[in-house]
Amino acid sequence: MLNRPSFARASSLVRGIPDSGDAGLPADADRGCMGGKLVAAVAASLALLALSLAPAASAKPTLSAKNRLERNVVARINTVRQDHGLRPLRVVPRLADASHRHAVSMARASYFRHDLFTPARARDWTPFSTWIRWFWPGPGYGSWSVGENLAWGAPDISAAQTVRRWMESPGHRANILNAGWRNVGLAAVHVRDPVGYFGSWDDVTVVVAEFGRRR
């Protein structure tokens, strides 16, 4: 059984890593401008350790997609939204691709943060508000918004645990219950023999949810 996570701010002091992650929404949303209209990128993550930890360069984990978990998390998110009088979200390819890109990156390089590890680019870390635009909203849209929830569990995490913990955190809850969202993308990746950030376990599951709207 997974232990109930406690909350922690990002810190340079590394304590024992728990078997799941949880943390609150950053104080300020990333904001930008596209086509003269405001673009807001709201990010929330489940994390219990310093998010600035570098990825493991020599990591050679075995990755596998958890398609059933992905479907179940989306279904549970939509059940929660409908229970609160909100419309269900529709899975769209662009957000699904974004969530898959981030989940695989975190699983393979063994890190846990909203920034994307991009060692082939000029900077090793690309901020969420930048890399998400590689996927969302796509061409032809004048305004858009997007948000991200992250979670992980060792050796696994269920859809019920994932959504329940998100709902217990104000930042994650705000993303799930955002009446403006219309779309979602969900990725869940299982990591065998991870190293680095997840190296204390034989198996870890990483979950990424991308919420969005575009007009």
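For every chain, the first residue of the written sequence is number 1, and numbering continues from 1 along that sequence. Residues qualify for local features only when their pLDDT is at least 70, as the model is predicted, and side-chain atom pairs are given and counted only at 80 or more; totals for whole chains, interfaces and linings, by contrast, use all residues. Side-chain metrics rest on all non-hydrogen atoms present in the structure, leaving aside hydrogens and water.

Draft legend 1. Up close: the overall build of the protein. Helix numbers and strand numbers start at the N terminus; a helix is a DSSP run of H or I with at least 4 residues, a strand a run of E with at least 2. Along the backbone of the protein there are five helices and nine strands. A 1.4 Å probe rolled over the protein chains alone gives each residue an accessible area, and that area as a share of the maximum for its type sets the label: buried under 20%, exposed over 50%, partly exposed in between. Per-residue burial over the protein gives 50% buried out of 215 residues. Sequence-distant contacts, at least 24 apart, represent 72% of the contacts inside the protein between residues at least 6 apart. The Shrake-Rupley method, run with a 1.4 Å probe sphere, supplies the accessible areas, and residue values consider only the shown protein chains as cover. Summing over all exposed atoms, the protein offers an accessible surface of approximately 10,200 Å²; the carbon and sulfur share of this is 49%. Here, residues are in contact when the closest pair of their heavy atoms is within 4.5 Å.

Draft legend 2. Inspection of the confidence of the model for the protein at higher detail. Confidence of the prediction at every residue is given by pLDDT, a number between 0 and 100. Model confidence for the protein is summarised by a mean pLDDT of 77, while 71% of its residues fall at 70 or above. Mean pLDDT in the protein bottoms out at strand 1 (residues 30–34), which sits at 32, and peaks at strand 4 (residues 90–91), which reaches 98. Across residues 1–41, confidence stays below pLDDT 50; counting only partners more than four residues off in sequence or on other chains, it has 99 contacts. In the model, residues 46–54 has pLDDT below 50 throughout and makes 41 contacts with residues more than four positions away in sequence or in other chains.

Draft legend 3. Region of interest: the nonpolar core. As used in this record, nonpolar core signifies buried Ala, Val, Leu, Ile, Met, Phe, Trp, Tyr and Cys residues forming a set joined through side-chain atoms within 4.5 Å. Counting 31 residues, the largest nonpolar core has I132, W152 and V206 as its most contacted members. Only helix 2 (93–109), helix 3 (128–131), strand 7 (144–153), strand 8 (183–192) and strand 9 (203–214) provide two or more residues apiece to this core. Per-element accounting of this core gives the leading share, seven residues, to helix 2. Contact partners of V206, with chain neighbours within four places excluded, come to A103, M106, A151, W152, A187, A188, V189, V191 and F198. Residues I176, W181, L186 and A209 belong to the second largest nonpolar core, which totals 22 residues.

Draft legend 4. Representation of the environment of Q82 in the model. Mapped onto the elements, Q82 comes out in helix 1 (residues 67–83). Taking the C-alpha atoms as reference, Q82 lies 9.5 Å from L177; in sequence the two are 95 residues apart.

Draft legend 5. Quick look at the pairing of strand 7. Where burial is concerned, most of strand 7 is hidden: nine out of the ten residues are buried. Looking at chain direction, strand 7 and strand 9 are connected through ten bridges and run antiparallel. Across the sheet, A151 pairs through a bridge with V207, a residue of strand 9. A pair of strands is considered paired only if DSSP assigns at least 2 bridges between the two.

Draft legend 6. Main features of the packing of aromatic side chains. Between 30 and 60 degrees the pair is tilted, below 30 it is stacked and above 60 it is edge-to-face, where a pair is any two Phe, Tyr or Trp rings, Trp via its six-membered ring, whose centres lie within 6.5 Å. The final tally for this structure, using the stated rule, is twelve aromatic pairs. Between W131 and F135, the aromatic rings sit 6.2 Å apart at their centres with planes inclined by 85°, giving edge-to-face as the arrangement. Considered together, W131 and F135 belong to a single accessibility category, that of buried residues. Relative to Y197, the ring of W152 has its centre 6.0 Å away and its plane inclined at 80°; by these criteria the two rings are edge-to-face. Placement of the pair is W152 in strand 7 and Y197 in the loop between strand 8 and strand 9, with a sequence separation of 45 residues. Residue classification places Y197 among the buried positions, given a relative accessible area of 3%. What links up through ring pairs into an aromatic cluster is the set F112, W152, Y197, F198 and W201. Its end group placed over the ring of W125, R113 keeps NZ or CZ at 3.8 Å from the ring centre. Either the NZ atom of lysine or the CZ atom of arginine qualifies as a charge over a ring when it sits within 6 Å of the ring centre and within 35 degrees of the ring normal.

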